[in-house]
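# Secondary and tertiary structure notes
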Amino acid sequence: MNTVSDTLTSSDLDAADPLAGYRDRFLVPEHDPAHPLTAYLDGNSLGRPLAATADRLATFVRTEWGAGLIRSWDEQWMDEPTVLGDRLGEVVLGAGPGQVLVGDSTSVLLYKALRAALDHQQAVDPGRNEIVIDAGNFPTDRFIVEGIAAERGARLRWITPDPAAGVTSADLEQVLSGSTAVVLLSHVAYRSGYLADAAAITAQVKDSGALMVWDLCHSVGSVPLHLDDWGVDLAVGCTYKYLNGGPGSPALAYVRSGLQSSLRQPIWGWMGAADPFGMTDAYEPAGSIRRFITGTPPILAMQPLKDMVELIAEAGMDAVRAKSIALTEHAIRLCEERLVPLGARLASPRDPAWRGSHITVDHDHFAEVTTRLWGEGVIPDFRPPNGLRIGLSPLSTSFAELETGIDAIAAALAEME
Ligand SMILES: *Cc1c(COP(=O)(O)O)cnc(C)c1O
């Protein structure tokens, strides 16, 4: 039996989309023969810039930097990592003030968060020396954890989830014990798009006496988060994916307020010290989330993020999630109709309750297909061994754009048969 939406075309869906108008706020690129653009389906790797961001950056150079010069540190830059962090907490993280910081890269913040969490656990109970992670996690997450295990003599407990899904409570039950110090999981799996049950898993991990660290790279800005309500201990996330902060924009870290004073991150620097301008002899960490700062924060690189946070605040995270689900549902329908008959297989959860804002489809020709499509301005991405990812950034992607992209994928596949 067809549901109503099965019969809706992409243009029907665009016409009925309450968020359709937000697409016009994104920068329309000038025509560039070397970079044609027909369908952008990779906003989950690098979000598109907002038109307001181009103006914001130019103004920033002329005013805050150009005119304010060093005075701008006193006037606003010193507090920018936490002011912006608080706004992210409010709009996208479900986090009260004083718990979120913007700075460093996701990889570096993961290192700081995990080292701080492991050291804390070991100080309380030296028998807790295991870090739990899954084999399907993003390489940097696995590498950081392996590095910390080597450095601190900790043991890794690997979960091996279904590659087309992700980590479940049942998987965790197999590995959690009185030896578990920390668990690191991705909220949305970078390959399959699987959305973990963060509330249930956080409670389960904490019941076992371990600390829970979430990687939010693929959920922040596309899936509503409730870090305070879920009781999350620490979390880290990217800002250049669904938060459109631009290439290499600084990451975010969340540290639950009740935990902050008992955590020490491993890269001590003057900017995270209690009195940065006291030029003190000894390192004394700041008494707030600022203790997770190391050196001078990347103020310039934080600017674009401000526009996207406000755009999401205007649209509302629940509406963003509703559109994200509508887009991934449409993507799956179109894939089943046009790609599966050509031999492709869906490698993402079918139930939207268990899915983030991208889907992955597998086919042995997808590496070649992706290279060819990029030249034509149709931009999904490829993840080995054979996965084509279709990322759907809810505020910048239209249903028609998605269909154009899938038709181009189908045409490229058909030609290779
Ligand atoms: C994108 C992504 C990263 C990126 O880390 P960087 O330090 O910004 O390069 C890390 N983890 C996950 C799960 C990601 O999706």
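This section reports on the structure supplied with the text. Values in this document were obtained by computation on a predicted structure and should not be read as measured data.

Reading the values: the criteria
Residues numbered from 1 in each chain as written. Predicted model: local features only at pLDDT ≥ 70, side-chain atom pairs only at ≥ 80, totals over all residues. Heavy atoms only, no water. Pairing = 2+ DSSP bridges. Helix = DSSP H or I, 4+ residues; strand = E, 2+ residues; numbered from the N terminus. Contact = heavy atoms within 4.5 Å. Axes fitted to C-alpha atoms, helices over the stretch in contact; angles between N-to-C directions. Buried < 20%, exposed > 50% of the residue type's maximum accessible area, 1.4 Å probe, protein only. 1 Å grid on protein atoms, 1.4 Å probe; cavity = no way out; pocket = protein on both sides within 12 Å on 5 of 7 lines; lining within 4 Å. Points joined across faces, edges and corners; volume = space filled by probe spheres on them. Nonpolar A, V, L, I, M, F, W, Y, C, P; charged D, E, K, R; others polar. Domains from an automatic or database assignment. Near = heavy atom within 4 Å. Polar contact = N/O pair within 3.5 Å; in protein donor to acceptor, adjacent residues only side chain to side chain. Areas by Shrake-Rupley, 256 points an atom, 1.4 Å probe, with all protein chains shown as cover.

The strand order across the open sheet formed by four strands is β9-β10-β13-β12, and the pairing between neighbours is antiparallel. The two strands at the open ends of the sheet, each matched to only one other strand, are β9 (345-346) and β12 (381-383). Alignment of β12 against strand β13 (residues 387-391), held across three bridges, turns out to be antiparallel. Note that in β13 the partner of Asp381 across the bridge is Arg389. Contacts from helix α12 (residues 317-338) reach β9, β10 (358-362) and β13 within the one sheet, and its direction differs from that of β10 by about 20 degrees.

Take unusual backbone geometry next. Residue Pro384 is joined to Pro385 through a cis peptide bond whose omega torsion reads 5 degrees. Counting through the fold element by element, Pro385 comes out in the loop between β12 and β13. Backbone geometry places Asn244, a non-glycine residue, at a positive phi of 50 degrees. By the element assignment, Asn244 lies in the loop between β7 (234-237) and β8 (252-255). For Asn244, a relative accessible area of 4% puts it in the buried group. At Met279, a residue that is not glycine, the phi angle is positive and equals roughly 50 degrees. Structurally, Met279 can be placed in the loop between α10 (257-260) and α11 (299-315).

What follows deals with the layout of surface pockets. Estimates place the volume of the largest pocket at around 640 Å³. Lining the largest pocket are 25 residues, and of these Pro29, Leu37, Tyr40, Arg48 and Pro49 lie nearest its centre. Going through the elements one at a time, α2 (51-65) and α13 (366-376) are the ones with two or more residues in the lining of the largest pocket. When its residues are assigned to classes, the lining of the largest pocket shows 13 nonpolar, eight polar and four charged. No fewer than three residues from each of domain 1 (4-51 + 316-416) and domain 2 (76-312) sit in the lining of the largest pocket. Around the second largest pocket, the lining comprises 23 residues; the ones closest to its centre are Asp134, Gly136, Asn137, Pro161 and Ala189. Looking at the lining of the second largest pocket, its residues break down into twelve nonpolar, seven polar and four charged.

The next subject is the site of the ligand. Taken together, 13 residues are adjacent to the ligand, and Ser107, Asp141, His218, Tyr240 and Lys241 come closest. Within the side chain of His218, a nitrogen or oxygen atom sits 3.0 Å from an oxygen atom of the ligand. When the free accessible area of the ligand is taken as 390 Å², the share hidden by the protein chains comes to 87%. Breaking the shell around the ligand down by element, the ones donating at least two residues are α5 (106-124) and α6 (139-152). Of the residues that constitute the shell around the ligand, the class distribution is four nonpolar, six polar and three charged.

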